[in-house]
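Fold and geometry: a report
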Amino acid sequence: MKSNFLRGMNHGIPIALGYLSVSFGFGILAVESGLSVLQSSVISASNLTSAGQIAGVGVIAAGGTLLEMILVQLVINIRYSLMALSLSQKLDRSFTAPHRLLASYGITDEIFAVCSAQKGTITPAYMYGMILISMAGWVLGTFLGASAGEVLPDSVTAAMGIVLYGMFLAIIIPPSRKKKSVLFVTVIAALLSVLFKYVLTMISGGFAVIICAIAAAGLGALLFPVSDEEEEAGE
Amino acid sequence: MTVAVYIFVMAAVTYIIRMVPFTFFRKKIKSRFVRSFLKYIPYAVLSAMTIPAIFTSTGNVVTSVVGTLVAVVLAFFDLPLIVVALAASASAFITGLFI
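Residues numbered from 1 in each chain as written. Chains lettered and ligands numbered in written order. Predicted model: local features only at pLDDT ≥ 70, side-chain atom pairs only at ≥ 80, totals over all residues.

**Overview of unusual backbone geometry**
B:Pro52 follows B:Ile51 through a cis peptide bond whose omega is 5°. Mapped onto the elements, B:Pro52 comes out in the loop between helix 2 (32-50) and helix 3 (61-76). With phi around 50°, A:Leu48 is a residue other than glycine that occupies positive phi space. One non-glycine residue, B:Asp78, lies in the positive phi region at around 65°. (Helix = DSSP H or I, 4+ residues; strand = E, 2+ residues; numbered from the N terminus.)

This is the structure in structure tokens:
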């Protein structure tokens, strides 16, 4: 149990470092939008998501309705439902309902990505270790950004903007190199994403990611259905 | 309306979205198509989120592209996540010093 927890923490270090830099920016933005340091930190601790929080602060600052808040969060964060569903297929037998209720709080893009890249099943302890250290980075970064503002030179915070994307590439490139099917899915998703960004600009970013992911993964599943042996190998 | 109410609603919606499928979906999925789909979803989501956003992630296209190239090469050789992530950032920072 304990070693799984520590392994999870260890695997969460790059996530925590990435979060520290990204949430620093969120902290600055939240205070600029009129929130206090405490409110900004509570948002980060209770939501643990980047795009949803930024949009949520926008709704608060604009004095929007609660319905608008609900819709914005639904659209931007609905991708977590797909991730949760995907991850639910990978859980160890020790993942009982209370553990699921607790650990579901920590399904972020990055935690999901690292968990799905693991061979075999996921234990609660492993996820808790990863969630704990990632959340610490996310909340600490928000607190520092909100309270200290611009302590770091711009050149450093700017360069930190690429950390999480670099990690994403490190997750998708090795399997793309080894498997034609994964390469196909990542290339289709990337092409669609470029299309939405520069041509179909009326679709919001949150929706665009959902459409790209469903289309690319759906095509991949049609053309390259996985065999049972492949799944047992933990791919 | 107080900010606390907004924060509560925001957090509740985000939690429910994650919790419902994670907690109530206990069966192993039989359909080969659905299992394949769910296997490919992580790669599709991450790819769509990374491209093209990574090329403007540092606020400067040149430093972003250099960081991206470094990340692609290191990831191609299977280096650990943290090494790839920090090398991308460091190379973007160093490039920024020269432009």
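**Quick word on the nonpolar core**
If you look at the biggest cluster of nonpolar residues, it comprises 107 residues, and the most contacted ones within it are A:Phe168, A:Ala170, A:Ala189, A:Ala213, B:Ala44, B:Ala48 and B:Val84. Per element, the largest residue contribution to this core is 11 residues, and it comes from helix 1 (residues 2-32) of chain A. Residue-level mapping places this core at the junction of two domains, with at least three residues from each of domain 1 (2-164) and domain 2 (179-235) of chain A. When neighbours within four sequence positions are excluded, A:Ala189 is seen to be in contact with A:Cys212, A:Ala213, A:Ala216, B:Ala44, B:Ser47 and B:Ala48. (Core = buried A, V, L, I, M, F, W, Y, C linked by C-beta atoms within 7 Å. Buried ≥ 20, exposed ≤ 12 C-beta atoms within 10 Å, placed from the backbone. Domains from an automatic or database assignment. Contact = placed C-beta atoms within 7 Å.)

**Topic: the confidence of the model for chain B**
Residue and element names in this part refer to chain B. Chain-level statistics for chain B give a pLDDT mean of 90 and a share of 99% at 70 or above. Element-level pLDDT for chain B is lowest in helix 2, with a mean of 86, against a maximum mean of 97 in helix 3. Note on the complex model: pTM 0.74, ipTM 0.86. (pLDDT = per-residue confidence, 0-100.)

**Side note on the interface of chain A and chain B**
Often the size quoted for an interface is simply the accessible area lost on bringing the parts together. With 80 residues of chain A at the contact, the number on the chain B side is 61 residues. Among the elements that make up the side of chain A that touches chain B, the one with the highest residue count is helix 10 (residues 163-178) of chain A (13 residues). When its residues are assigned to classes, the side of chain A that touches chain B shows 52 nonpolar, 22 polar and 6 charged. (Nonpolar A, V, L, I, M, F, W, Y, C, P; charged D, E, K, R; others polar.)

**Quick look at helix 5 (residues 79-88) of chain A**
Of all 10 residues in helix 5 of chain A, 9 are buried, a share of seventy percent or more. Turning to helix 5 of chain A, its buried residues number three or more, namely A:Arg79, A:Tyr80, A:Ser81, A:Leu82, A:Met83, A:Ala84, A:Ser86, A:Leu87 and A:Ser88.

**Thoughts on the domain arrangement of chain A**
We note that the domain assignment places domain 1 (2-164) and domain 2 (179-235) within chain A. In this structure, domain 1 of chain A and domain 2 of chain A have C-alpha centres spaced 23 Å apart.

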